[in-house]
Amino acid sequence: MITAEVKNQYIVTIGIECHVQLKTKTKLFSAVDNDAREAPANTLISHIDLGMPGALPVLNKKAVELGVRAAFALGTEPQAFSKFDRKHYFYPDLPMGYQITQFYNPIIRDGYVVISVNGEEKRIGIHEAHLEADAGKSIHPVGKDYSLVDLNRAGTPLLEIVSSPDMHTAEEAKTYAKELYLRMKFAGVSDANLYYGNMRFDVNVSVSKDPEVLGTRTETKNLNSFRSVEKSVEYEVDRQIELLEQGKQIVQETRGWDDAKQKTFTQRSKEEAHDYRYMPDPDLPPIILTEDIIKSIRESMPLMPHDWRARLTQLGIDEKQIETLLEAEVESDDVEYLRLIDSQIDDPNFTKFLTNMIVNTEVPLRREGNVAEKIDADFRLRMFKQTHGLILANKLSSTNAKALITVVLTSGATPENIEKYAEEQGLIQVSNEGEIAAIVEKVLSDNAKAAEDVRNGEMKAIGFLVGQVMKNSQGRANPQMAQDLIKKQLGI
């Protein structure tokens, strides 16, 4: 076991390569469906994907547009000039014998994202991002002495985002990966579905005691969750430090991640340099972006996560709620939480209530799949406003407000009069002094010690008594009236 004292002697350096599947209808160079999630093996292929002699690629214009959008999302401008190269290597799922990628002139250079970890902001550089065609998929049936190849994925348009080695903790790596996910979703670049592999992370980790010299790195491939990014880094850091402390060498290699065992494992050794014999692709002309094209796409860009963080912070919304809202926004295709909240900026009190209700009630219900299929946006806003009005009028407690919102969202009801509906549901707050006084009398009788504590000046006990009144009234008693009547009946 490596002690914290030993670990603190080492400097951890982390870089991440993120493969993002672009949100196009067809593949990068062939007119074949790009969505292979449910397709039978080898049914979404063409002569181009198979590398047939004489097959000529035709560049997907939409993929270039999405690459430009990604540049803006990554804090930079797209390169006006970029081009494709051939990266030669043999693998069974690469029938052409080379991958079409951008090696010498990528479409994106010198971007950055800002992440926040433990309240501190950190800038992570984007060295480059390039367009490329994905390879196919090799399948190795358990217990069999053969492998299978599925080429449905061959030719899928990817954007590979290469970070600078600016991360130094597992939490920074996880936060950076999540930020890329949010930005690609907000920019409309990718569906970014991690389950289907729309985003995959290759994480490079090295450790060294010398701040001027990087250690030997390992690359853990094809991680498809933020947690696996974090845990693989933690494991690799401990593994590498333990080897060095034993006087052993770190082997530069490609490693996999075993999620069940929570550990990395060796896949293949990796030399420092590969002879991929890069050469310009003779079948594809360079991509030339005019200023008009760049300007048009720039002006079509929506607000990015960092823009929303700035706006929502000004509304007094805390960081944790903001992150929940950002994640919830990209989880749903038909609900706009951020614009709804932003539209109420002139009423800070309602904005705070609205945010709390969305974060603590609506979002959890949607994640559990408990919200009715379709709820009109105008009705939702009216529902929240009328509910907030009932709270201000002391007709609805905060607890029952949450219960009311829950009933409406899960049932799909769209009552015109929310107050009447709340009354029908037995949620309207009781403010009848005689009715509450009777409940208070019973509570004081049943909780004589707490009542005596209040008489003796221990005012913390009054909270307990108010809670008992609320419990006995099924949460409907006006809590302020209940507290006043407790004091009155106790003579204080």
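Before any of the text, the structure's been laid out above.
Note that the coordinates shown come from a computational prediction; the quantities given were computed from them, not determined experimentally.

1. Looking at the nonpolar core
- Ranked by size, the top nonpolar core spans 110 residues in total, and within it Leu159, Ile161, Tyr176 and Phe201 carry the most contacts.
- If we ignore the near neighbours within four places in the chain, the residues touching Phe201 are Ile16, Glu17, Cys18, Ala177, Leu194, Thr220, Lys221, Asn222, Leu223, Phe226 and Val229.
- Val443, Ile462, Leu465 and Ala477 belong to the second-largest nonpolar core, a separate cluster that totals 20 residues.

2. Structural notes on the pattern of salt bridges
- All chains considered together, the criterion is met by 34 salt bridges.
- Of the charged contacts, one joins Glu327 and Lys178 as a salt bridge, the two residues approaching to 3.5 Å between their closest N and O atoms. With a gap of 149 residues between them, Glu327 in helix H7 (residues 319-331) and Lys178 in helix H3 (residues 170-186) connect regions that are remote in the sequence.
- Its relative accessible area of 26% is what places Lys178 among the partly exposed residues.
- Across the pair Glu452 and Arg455 runs a salt bridge, and its minimum N-O distance is 3.3 Å. One end of the pair is Glu452 and the other is Arg455, both in helix H14 (residues 448-455) and three residues apart, which spans about a single turn.
- Owing to a relative accessible area of 37%, Glu452 belongs among the partly exposed residues under this scheme.
- A relative accessible area of 43% places Arg455 in the partly exposed class.

3. Here we look at the sheet that holds strand E4 (residues 98-101)
- The strand order across the open sheet built from three strands is E4-E3-E14, with neighbouring strands paired in antiparallel fashion. Here the strands that pair on one side only, and so sit at the sheet edges, are E4 and strand E14 (279-280).
- Pairing geometry for strand E3 (residues 85-88) and E4, over four bridges, is antiparallel. If you follow Asp85 over to E4, its bridge partner there is Thr101.

4. Points about the side chain of Asp342
- Of note, Asp342 is situated in helix H8 (residues 337-342).
- Among all residues touching Asp342, those that are not within four sequence positions of it are Trp308 and Arg311.

5. Focus on the packing of aromatic side chains
- Tallied over the full model, the rule gives ten aromatic pairs.
- Aromatic pair Tyr181 and Phe226: ring centres 5.5 Å apart, planes at 65 degrees, arrangement edge-to-face. With Tyr181 in helix H3 and Phe226 in helix H4 (residues 226-245), this pair connects stretches of sequence that are 45 residues apart. Assigned by exposure class, Tyr181 and Phe226 land together as buried.
- Ring centres of Tyr276 and Tyr278 lie 5.8 Å apart, and the angle between their planes is 70 degrees; this geometry places the pair in the edge-to-face category.
- Put simply, the rings of Tyr89, Phe103, Tyr104, Tyr276 and Tyr278 pair up and form one aromatic cluster.

6. As for the sheet that holds strand E13 (residues 263-269)
- Read across the open sheet, the eight strands follow the order E5-E6-E9-E1-E10-E11-E12-E13; overall the sheet is mixed. Each edge of the open sheet carries a strand with a single partner, namely strand E5 (108-117) and E13. Strand-to-strand twist across the sheet, computed as the mean angle between neighbouring axes with direction ignored, equals 30 degrees.
- Note that E5 and strand E6 (residues 120-133) share nine bridges and pair antiparallel. Pairing of Ser116 across the sheet is with Glu121, part of E6.
- Contacts from H3 reach strand E1 (11-21), E5, E6, strand E9 (157-163) and strand E10 (199-208) within the one sheet, and its direction differs from that of E5 by about 120 degrees.

Rules used in this analysis
- Residues numbered from 1 in each chain as written.
- Predicted model: local features only at pLDDT ≥ 70, side-chain atom pairs only at ≥ 80, totals over all residues.
- Heavy atoms only, no water.
- Core = buried A, V, L, I, M, F, W, Y, C linked by side-chain atoms within 4.5 Å.
- Buried < 20%, exposed > 50% of the residue type's maximum accessible area, 1.4 Å probe, protein only.
- Contact = heavy atoms within 4.5 Å.
- Salt bridge = Lys/Arg side-chain N within 4 Å of Asp/Glu carboxyl O.
- Helix = DSSP H or I, 4+ residues; strand = E, 2+ residues; numbered from the N terminus.
- Pairing = 2+ DSSP bridges.
- Phe/Tyr/Trp six-rings, centres within 6.5 Å; stacked < 30°, edge-to-face > 60°.
- Axes fitted to C-alpha atoms, helices over the stretch in contact; angles between N-to-C directions.

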